[in-house]
Amino acid sequence: MTPLPRLHRVAALVLEGAKPLDVGIPAQVFTTRASMPYEVRVCGAAPGLITGGDGLSYHVADGLDALAWADVVFLPGYRFPDREDPPGAVLDALVAAHDRGARLAAISTGAFALAATGLLDGKRATTHWHYTRQLAHKHPGVRVDENVLFVDEGSVLTSAGAASGIDLCLHLLRGDLGVAASNHAARRLVAAPYRSGGQAQYVPRSVPEPLGERFAATREWALHRLDKPLSLETLARHAAVSPRTFSRRFADDTGHPPMQWVMRARIDRARELLELSQLSVEQIAVRVGLGTGANLRLHFQRVLGTTPSQYRRTFVA
């Protein structure tokens with residue numbers, strides 16, 4: 001009999017002025033179902049009514065005891081984060097959860113609450129682009145990166161605006177359950193299955209939108225032919241631009257040079273096949289365009305720091 005997967009415990013901490021979309025993202029992504037071994041609790045500094053932002057309030061059943069229970073604690077964004085820090089009891093509970101081994105993940109301006117604990121000092125972090133300067137000014141010990149979607153520093157993670165909170169959640173899912181589960185959740189949410197944390201928060205206004213759509217179409221086209229040769233010239237030809245323009249714009253859009261993005265896409269497809277199929281490493285290497293098992297093992301080790309066989313044992317019972 002196949003053992004049931006370990007239940008992961010997620011707490012979303014609602015602070016005064018919490019933004020509704022930010023609160024809803026972890027609750028929606030990690031909602032308990034057969035394919036999602038998670039339990040979510042929405043909590044506050046104390047049980048009861050919490051005044052939120054944008055005309056909404058929240059009635060939460062749990063207080064800070066939920067942070068002592070959780071494996072992952074989300075800090076949704078809230079209004080006026082650059083004014084006052086959350087109450088000391090909240091910050092102490094966050095530090096205690098972190099010390100116990102929980103991961104702390106901030107969405108948008110939730111990064112201010114996380115920074116107030118001191119746990120981001122000396123680390124990279126991001127927040128909504130409108131507040132990056134305020135975060136750097138209020139917490140000079142934090143290395144603020146204003147042009148990424150999310151930052152993973154291991155036990156502390158931060159993301160930009162609300163939509164990038166979905167990217168952060170899918171990133172955590174990939175680490176917990178694998179690529180197949182993350183892609184399944186992305187399809188359920190009708191969200192992009194993978195946007196690198198290094199991708200820009202927004203595209204410069206000088207770039208015409210149709211070109212952005214054309215580049216997205218080229219990425220989609222490439223994902224369906226990973227087993228075929230994909231050179232920079234091939235990708236640029238599909239996008240109907242010069243290789244130089246394609247390379248520059250692709251990196252602006254995704255945070256990766258084109259061929260590095262292709263390699264990561266091939267590795268992610270290999271991960272999915274290792275999780276879901278009985279294909280050999282050699283067969284998978286051919287299917288993802290890496291040719292030989294030796295080549296797949298080389299890139300797997302370089303990108304993920306493990307071997308295909310070890311990875312398969314991690315995600316297949």
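Residues numbered from 1 in each chain as written. Predicted model: local features only at pLDDT ≥ 70, side-chain atom pairs only at ≥ 80, totals over all residues. Heavy atoms only, no water.

Digging into helix α3 (residues 88-100)
Right, so step 1: If you check α3, its first and last C-alpha atoms are 18 Å apart, about what 13 residues at 1.5 Å a residue would give, namely 18 Å.
Right, so step 2: For α3, the set of buried residues is Val-90, Leu-91, Ala-93, Leu-94, Ala-97 and His-98. Axial view of α3: buried residues confined to an arc of 160°, hence all on one face. In α3, the exposed positions that point more than 90 degrees away from the buried face belong to Asp-92 and Asp-99.
Right, so step 3: For α3, the secondary structure elements touched by its buried residues are β1 (8-13), α2 (65-69), β5 (72-75), β6 (103-106), α4 (110-116) and β10 (156-159).
Right, so step 4: Where α3 ends, the next residue or the one after it, Gly-101, has phi of about 115°, a positive value. (Helix = DSSP H or I, 4+ residues; strand = E, 2+ residues; numbered from the N terminus. Expected span 1.5 Å × (residues − 1). Buried < 20%, exposed > 50% of the residue type's maximum accessible area, 1.4 Å probe, protein only. Arc of directions from axis to C-beta. Contact = heavy atoms within 4.5 Å.)

Focus: the side chain of Thr-132
Right, so step 1: Mapped onto the secondary structure, Thr-132 falls in helix α5 (residues 132-138).
Right, so step 2: In contact with Thr-132, other than residues within four places in its own chain, are Thr-127, Val-144 and Glu-146.

So, the sheet that holds β6
Note on sheets: strands pair through backbone hydrogen bonds, and any given pair is parallel or antiparallel.
Right, so step 1: A sheet is described by the order of its strands in space; here six strands give the open sequence β2-β1-β5-β6-β10-β9, paired in mixed fashion. The open sheet is flanked by β2 (38-43) and β9 (150-152), the only strands paired with a single partner. The mean inter-strand angle of the sheet, taken between neighbouring strand axes irrespective of direction, is 15°.
Right, so step 2: Here three bridges tie β6 to β10, and the two strands are oriented parallel to one another. Bridge pairing in β10 links Ala-105 to Leu-157.
Right, so step 3: Seen against the sheet, helix α6 (residues 162-177) touches β1, β2, β5, β6, β9 and β10 and runs at an angle of roughly 145° to β10. (Pairing = 2+ DSSP bridges. Axes fitted to C-alpha atoms, helices over the stretch in contact; angles between N-to-C directions.)

Side note on the pattern of salt bridges
Right, so step 1: Tallied over the full model, the rule gives eight salt bridges.
Right, so step 2: Residue Arg-103 is joined to Asp-176 by a salt bridge in which the shortest nitrogen-to-oxygen separation is 3.2 Å. Of this pair, Arg-103 sits in strand β6 while Asp-176 is found in helix α6, placing the two residues 73 residues apart along the sequence.
Right, so step 3: Among the residues examined, Asp-176 registers a relative accessible area of 18% and is labelled buried. (Salt bridge = Lys/Arg side-chain N within 4 Å of Asp/Glu carboxyl O.)

A word on the packing of aromatic side chains
Right, so step 1: Following the criterion strictly, the structure yields seven aromatic pairs and no others.
Right, so step 2: When the centroid spacing of 5.0 Å and the interplanar angle of 25° are considered together, the rings of Phe-215 and Phe-246 count as stacked. Here Phe-215, found in helix α8 (residues 209-223), pairs with Phe-246, found in helix α10 (residues 243-254); they are 31 residues apart in sequence, far enough to count as distant. Pair check on accessibility: Phe-215 and Phe-246 agree, each one buried.
Right, so step 3: One aromatic cluster is present, formed by Phe-215, Phe-246, Phe-250 and Trp-261 through successive ring pairs.
Right, so step 4: Directly above the ring of Trp-69 sits Arg-41, whose terminal nitrogen or CZ lies 3.9 Å from the centroid.
Right, so step 5: Here the basic side chain of Arg-249 rests over the ring of Phe-215, its NZ or CZ set 5.0 Å away from the ring centre. (Phe/Tyr/Trp six-rings, centres within 6.5 Å; stacked < 30°, edge-to-face > 60°. Lys NZ or Arg CZ within 6 Å of the ring centre and 35° of its normal.)

Don't take any of this as a statement about function, it's just geometry.
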